[in-house]
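Descriptive analysis of the structure
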Amino acid sequence: MLHNMSTTVEFASDRSADEVNEEIRALWRRAGGTLSVEQREEYQRLVMEWAAVAPQPARAA
């Protein structure tokens, strides 16, 4: 029996998009503009979290 696995990453974040964005900016400042492998993994996680909590623009009808 095969089970389907979701490839969608969901975040249960209590932080706002602005808070996550500030953490992304702080990561870049600490890194001096060049991310290590570990920092890139953290950056990707943060961007996914930000995308999950960022307000979506209203679509025209």
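About the thresholds
Residues numbered from 1 in each chain as written. Predicted model: local features only at pLDDT ≥ 70, side-chain atom pairs only at ≥ 80, totals over all residues. Heavy atoms only, no water. Helix = DSSP H or I, 4+ residues; strand = E, 2+ residues; numbered from the N terminus. Salt bridge = Lys/Arg side-chain N within 4 Å of Asp/Glu carboxyl O. Buried < 20%, exposed > 50% of the residue type's maximum accessible area, 1.4 Å probe, protein only.

1. Section: the environment of Glu49
Among the structural elements, Glu49 can be located in helix H2 (residues 37-53). Between the C-alpha atom of Glu49 and that of Asn21, which follows or precedes it by 28 residues, the distance is 9.5 Å.

2. Thoughts on the pattern of salt bridges
With the rule as written, the count across this model stands at 4 salt bridges. The salt bridge partner of Arg15 is Glu49, with a shortest N-O separation of 2.7 Å. Of this pair, Arg15 sits in the segment before helix H1 (17-31) while Glu49 sits in helix H2, and the two are 34 residues apart along the sequence. Judged by relative accessible area, Glu49 falls into the buried class, the value being 6%. A salt bridge links Arg29 to Glu22; the shortest N-O distance between them is 2.8 Å. Several salt bridges converge on common partners, so that one network encompasses Arg15, Glu23, Arg45 and Glu49.

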